[in-house]
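# An overview of the molecular structure
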Amino acid sequence: MANNIFFNSLPSHDRKTAKRLVSPAFIGIWVVVLFPLLYALYVSVHDWILSQGGIGPFNFSNYPDVLKDPLLINSAKNTVLLTASVVVLEICVGFGLALLLHNKQIKLRNVYLFILLIPMLMPPITVGLIWRLLLHPDLGIINYMLSLVGLPQPTWLASPVLAFFTIIIVDVWHETAFIILVLLAGLTSLPDEIFEVAMIDGANAWQKFLYITVPLMTPTILVATIIRMISALKTYDLVYILTRGGPGISTETISYYIYKVFFVALDIGKSSAMAFILLIVIILMTLVLMRVMNRVEQ
Amino acid sequence: MKKNLSIILGLVVIFSMVLSACAKTDQPATTSDKPFQGVTINVMMEGVPDTDYVQAQLSKFEEETGAKVNIEVLNYALMHEKLVPQLTAGAGKGSYDLIVVDNYWVAEFNRAGWLMALDDKIAASKKVKMDVYLPSMLEMVGTYQGKTYMLPFYNYAMALVYRNDIFTDPAVQEAYKAKYGKDLALPTSIPEYVELAKFMTRDTNGDGTVDVYGASMQGLRPDPTAMEFLNYLYSMGGLLYDVEGNVVLDQKVGVEALNYYVDAMKNAAPPGAPSYGFDEAFATVAQGNAFSYITYNWMVPVLNDPEQSQVVDKMKVTAVPGGAGLLGGWGWAIPNSSANPDAAWAFIEWVESFEIAKERALLGGAPTRSDVFQDKDVLAKYPHYSDVEKIVGDSIMFPMQSRAPQIVEVLGRVISETIAGSMTSEAAIQELITECENLRDK
């Protein structure tokens, strides 16, 4: 709070009043965030299976135990692969579409933008249910369309590799809208003067993109990457609706696995330990990316 | 002035007390007529046909008792996670006054002490008779360790549902005899069933692609595939636990059953079946794209409904080949966290009375009472219910273990991994045996 530009710009008397006014909300947020976190930490070092009574004795071995769990390791691998795939694809596709929508020569840009934003307005559960119907091998419209043009009709969710690929495609369909929105806002805020100067200097479209747009957009792209990466690491809904982690364990993500340990096994201790490990990993990855972002800005 | 005001106020209070006393003399007629006027009974139920039938009957109970019954209908997958936090609430503090309990949850809920024992209420009741229920249902969703915690609501014993028009088609019968040198007959074992299902997987319109599959199957993790596989295991003589709760799964029998299951999944079921849940597998049958489906016995009335099916009057039901399918069922229970246990019990007495249970059966419901199964009106409408009564009596329930949801999860995972090819059937059954031992009640 002390480093905030807004506070620093105020005279010292007003600064004190502003801090006093903001402090109840500030304390409230910390209580709401800190209390569940500390409670989760407390629970994570105790034995507690909900159907076997109240909270049990202290047991730090929850942490080493879950780290040795082969199913958690498998779901962690799946999650990393899924996150890397969807973030890279969504940034590439989203940036491309944002550039197109930023082009003032394209007519009806707002109509296209609205259409592209529709998936973002839908909850993931609805997205999963719709795609499950669309992807039905015999009764779904996608395979029907493929059959009309003589293409093979895959069993989208029935084989391990294809099911993983299908989840990536559905996630890209659903989440790219967010990237478009963030990057389009970034593109709109770029100063026109630099592009005009570059044009006078004889730079072509590719050179303008490579030497002006990309460097100026890098902080925005990094922010979009961080936000999207954090949410992709927590992917749960799509997996739950589309595959339930199958076939086999090929699409089981870490959040879905934690959900099962909590709600199926009712093992509150171990699931809290897993959730805490996931939280630490996300915080570390975010810190790394923020550091990269600071260097880029400097 | 103050004194006068006090006198007036005093008179008003006395007058209103007299009035309310007079009013009370008129009340008993209303309360005895409608003993639960103003009470709302909150119930959680699964979105299945039997729930629809109960909803269709509700207005009678509401008229009789004055209670309002608020049924929250949920998808099965969401029920357990939503129920547990409510069941752990203190006495009278839960959101649900009455619940339906799947047989998988019986041991878990009772060991945790979440359900109310009903023995005293049953003893005091003039309406409820326990000896009318089929013993297999009562053992599964009625009693637990000698006490009664539930009244059986409906059964979901699994059976073989098949297309009788294809089965009795002379051309099909001829082709079968030409291939196997014997007459086409209903299979009496799982190996025979898988062989028949593979034979029935055919291209019937000559366009070069298979359009009728021998078996509609549901390979989705965890419960769709776990439930389906248990029919194969039980019918081949395998069991997960004995009645004392000891793990008795035989490696050889388990591997054999799993190999037949995977064989059927790969060679007699639609290519997408490893990812199918109940809805997709049902749609395959209802669209006329499958010869058979090991499913709930009460799917026959649903498949005979022209609004939901294109195979009306073409389906027949028989026992799972081998004779011992999976028995499933739900029971009515009052959680200890119920805020209105008396109203909830009144509802159970009403909904499980012979008249209401019979009416539900006539709508297509799955009975649990022998008097309903054997009722002449019910049999006139559903002649196959005499077979279903035997199926319900002969089927084997899921083991009564408190960590049954986890056992289903493990079972679903190892089967799915075997179908996906990331695990051998030997390794899958070995892991199943190990996990059953780890998870059993000790």
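As the structure is a computational prediction, the values presented were derived from the model and not from experiment. (Residues numbered from 1 in each chain as written. Chains lettered and ligands numbered in written order. Predicted model: local features only at pLDDT ≥ 70, side-chain atom pairs only at ≥ 80, totals over all residues.)

## Digging into the overall build of chain B
The number of helices and strands found in chain B is 20 helices and 13 strands. Across its three principal directions, the C-alpha atoms of chain B cover 110 × 50 × 40 Å. Per-residue burial over chain B gives 48% buried out of 442 residues. Considering only contacts in chain B between residues 6 or more positions apart, those separated by 24 or more positions represent 75%. (Helix = DSSP H or I, 4+ residues; strand = E, 2+ residues; numbered from the N terminus. Buried ≥ 20, exposed ≤ 12 C-beta atoms within 10 Å, placed from the backbone. Contact = placed C-beta atoms within 7 Å.)

## Examining the packing of helix H11 (residues 251-267) of chain B against helix H20 (residues 425-439) of chain B
All names here are of chain B. It is the contact of H11 with H20, at a shortest axis distance of 9 Å, that shows an interaxial angle of 125 degrees. Taken together, the axis directions place H11 and H20 in an arrangement best described as oblique. Here the hand of the crossing between H11 and H20 comes out right-handed. For the pair H11 and H20, the contacting residues are Gln-251, Gly-254, Val-255, Leu-258, Asn-259 and Val-262 in the first and Ser-425, Glu-426, Ala-428, Ile-429, Gln-430, Leu-432 and Ile-433 in the second. Split into classes, the residues belonging to the contact of H11 with H20 amount to seven nonpolar, five polar and one charged. (Axes fitted to C-alpha atoms, helices over the stretch in contact; angles between N-to-C directions. Parallel < 35°, antiparallel > 145°, perpendicular 65-115°, else oblique. Left-handed = near helix turned anticlockwise from the far one by under 90°. Nonpolar A, V, L, I, M, F, W, Y, C, P; charged D, E, K, R; others polar.)

## Here we look at the interface of chain B and chain A
Across the contact, 30 residues belong to chain B and 24 residues belong to chain A. When contributions to the side of chain B that touches chain A are tallied by element, the ones reaching two or more residues are helix H3 (76-87), helix H4 (106-111), helix H12 (278-286) and helix H19 (404-420) of chain B. Ranked by residues supplied to the side of chain B that touches chain A, first place goes to H19 of chain B with eight residues. Here the side of chain B that touches chain A is composed, by residue class, of 11 nonpolar, 11 polar and eight charged.

## Things to note about the domain arrangement of chain A
The accessible area lost on association of the parts is a frequent measure of interface size. Partitioning chain A into structural domains gives domain 1 (1-38) and domain 2 (69-297). Inter-centroid distance (C-alpha atoms) of domain 1 of chain A to domain 2 of chain A is 34 Å. (Domains from an automatic or database assignment.)

## Considering the packing of H19 of chain B against H20 of chain B
All names here are of chain B. The N-to-C vectors of H19 and H20 enclose an angle of 170 degrees; their axes lie 9 Å apart at closest approach. When the axes of H19 and H20 are compared, the pair comes out roughly antiparallel. Counted together, Gln-406, Ile-407, Val-410, Leu-411, Val-414, Ile-415, Glu-417 and Thr-418 of H19 and Ser-425, Ala-428, Glu-431, Leu-432, Glu-435, Cys-436 and Leu-439 of H20 form the full contact between these two elements. A breakdown of the residues in the contact of H19 with H20 according to their chemical character gives nine nonpolar, three polar and three charged.

## Notes on the nonpolar core
Residue and element names in this part refer to chain B. The biggest cluster of nonpolar side chains holds 141 residues, and the ones touching the most others in it are Val-101, Ala-264 and Phe-347. Here this core gets nine residues from one element, more than from any other, and that element is H19. Mapping this core onto the domain boundaries places at least three of its residues in each of domain 1 (38-155 + 328-397) and domain 2 (158-327 + 403-439). Those residues in contact with Ala-264 that lie beyond four places of it in its chain are Val-194, Ala-197, Ala-215, Met-217 and Ala-269. (Core = buried A, V, L, I, M, F, W, Y, C linked by C-beta atoms within 7 Å.)

## So, unusual backbone geometry
The peptide bond linking Gly-246 of chain A to Pro-247 of chain A adopts the cis configuration, its omega dihedral lying at -10 degrees. One can find Pro-247 of chain A in the loop between helix H11 (237-242) and helix H12 (254-263). Note the cis peptide between Arg-221 of chain B and Pro-222 of chain B, where omega equals -15 degrees. Mapping Pro-222 of chain B onto the fold places it in the loop between strand S8 (213-216) and helix H10 (223-235). At Leu-108 of chain A, a residue that is not glycine, the phi angle is positive and equals roughly 55 degrees. Here Leu-108 of chain A shows up in the loop between helix H4 (70-102) and helix H5 (109-121). Unlike most non-glycine residues, Asp-313 of chain B shows phi in positive territory, near 65 degrees. Inspection of the secondary structure puts Asp-313 of chain B in the loop between helix H13 (299-303) and strand S10 (315-318).

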